[in-house]
Amino acid sequence: HVYGAAGTYTVTLTSTNACGSVSTSKTVVATSGSVAAFSASVAEGCAPLTVQFSNLSSSGTDSYTWNFGNGVPSSSTFETPPLVTFSTPGIYTVTLPASGLNNFGTATQTITVNANPQSGFTTQVNALTANFTHTSTNTTVFNWDFGDGTPCSTEASPNHNYPDYGCYSVTL
């Protein structure tokens, strides 16, 4: 039998046959059991991502087995786990199986670690016109400084006309 709420209940068993009936009663204490739950200080960020997890499991829970996937550390049996660092971009599933006297539960949360942007470009020059092609990865915003004092460009792969021949330091 599953009780709908924690509390003290009286259970009675009545046995009957051709010779009569007999009843026996006992008191049963139903607890709320173990409900595993936790929160993370951050659910998404750039690598390396350090996360502090907080155990929100119900009272009566006395056994914890944190699993942090590829985080460092990768696991913990402490009620309050240490800081966990995820160094490699990816999606990680963190689980907390927790148990108590009468129950068991598992909480799950996803941590997303994004890759850092990498900047790069190639150039083709024809007279005073330079064609820039970005070779950047994990990049969504561009800011080109052509090194000649003209306004910057936010195009992904711009063309630029220089006012004079010379050496220019271009920054992306």
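A quick note: this is a predicted structure, and the numbers were derived from the prediction, not measured. (Residues numbered from 1 in each chain as written. Predicted model: local features only at pLDDT ≥ 70, side-chain atom pairs only at ≥ 80, totals over all residues. Heavy atoms only, no water.)

1. With respect to the overall build of the protein
A tally of regular secondary structure across the protein gives 0 helices and 15 strands. Relative to its length of 172 residues, the protein is extended, with a C-alpha radius of gyration of 32 Å against a globular reference of 16 Å. C-alpha extents for the protein along the principal axes are approximately 115 × 30 × 20 Å. Per-residue burial over the protein gives 25% buried out of 172 residues. For the protein, the computed accessible surface area is about 10,800 Å², with 53% contributed by carbon and sulfur atoms. (Helix = DSSP H or I, 4+ residues; strand = E, 2+ residues; numbered from the N terminus. Rg over C-alpha atoms; globule rule 2.2 N^0.38 Å. Buried < 20%, exposed > 50% of the residue type's maximum accessible area, 1.4 Å probe, protein only. Areas by Shrake-Rupley, 256 points an atom, 1.4 Å probe, with all protein chains shown as cover.)

2. A look at the sheet that holds strand S14 (residues 129-134)
Judged by pairing direction, the sheet is antiparallel, and its 3 strands sit side by side in the order S13-S14-S15 without closing on themselves. Strands with a single pairing partner mark the edges of an open sheet, and in this sheet they are strand S13 (121-126) and strand S15 (159-161). Taken pair by pair, the neighbouring strands of this sheet meet at an average axis angle of 20 degrees, ignoring direction. When S14 meets S15, the two strands line up antiparallel, connected through 3 bridges. Counterpart to Asn131 in the pairing with S15 is Asn159. (Pairing = 2+ DSSP bridges. Axes fitted to C-alpha atoms, helices over the stretch in contact; angles between N-to-C directions.)

3. Section: the side chain of Ser57
Secondary-structure assignment places Ser57 in the loop between strand S6 (53-55) and strand S7 (61-64). Engagement of the side chain of Ser57 in a polar contact is seen with the side chain of Asn55, the distance being 2.8 Å. Leaving out residues up to four positions away in the same chain, Ser57 has contacts with Val35, Ala36, Ala37, Tyr64, Leu96 and Ala98. (Polar contact = N/O pair within 3.5 Å; in protein donor to acceptor, adjacent residues only side chain to side chain. Contact = heavy atoms within 4.5 Å.)

4. Comments concerning the state of the cysteines
Scanning the entire structure with this criterion turns up 0 disulfides. Unpaired in this structure, Cys167 has its nearest cysteine sulfur neighbour in Cys152, at a distance of 20 Å. Judged by its relative accessible area of 83%, Cys167 falls in the exposed class. (Disulfide = S-S within 2.5 Å.)

5. Concerning the nonpolar core
One finds Phe53, Phe86 and Ile111 to be the most contacted residues of the largest nonpolar core, which totals 18 residues. Sorting the residues of this core by element identifies strand S5 (49-51), strand S10 (84-86), strand S11 (90-100) and strand S12 (104-114) as the ones contributing at least two each. With 4 residues, S11 is the largest single contributor of residues to this core. Among residues more than four places away in sequence, those in contact with Phe53 are Phe38, Ser39, Ala40, Trp66, Phe68, Pro81, Val84, Phe86, Val94 and Ile111. Grouped together as the second largest cluster of nonpolar side chains are 6 residues, Ala130, Phe142, Trp144 and Tyr162 included. (Core = buried A, V, L, I, M, F, W, Y, C linked by side-chain atoms within 4.5 Å.)

6. So, the packing of aromatic side chains
Under the defined criterion, the tally for this structure stands at 12 aromatic pairs. For the ring pair Tyr162 and Tyr168, a centre distance of 4.3 Å and an interplane angle of 25 degrees mean the geometry is stacked. By relative accessible area, which is 11% here, Tyr162 ends up buried. Using a relative accessible area of 29% as the deciding quantity, one classes Tyr168 as partly exposed. Members of the aromatic cluster, connected to one another through ring pairs, are Phe38, Phe53, Trp66 and Phe68. (Phe/Tyr/Trp six-rings, centres within 6.5 Å; stacked < 30°, edge-to-face > 60°.)

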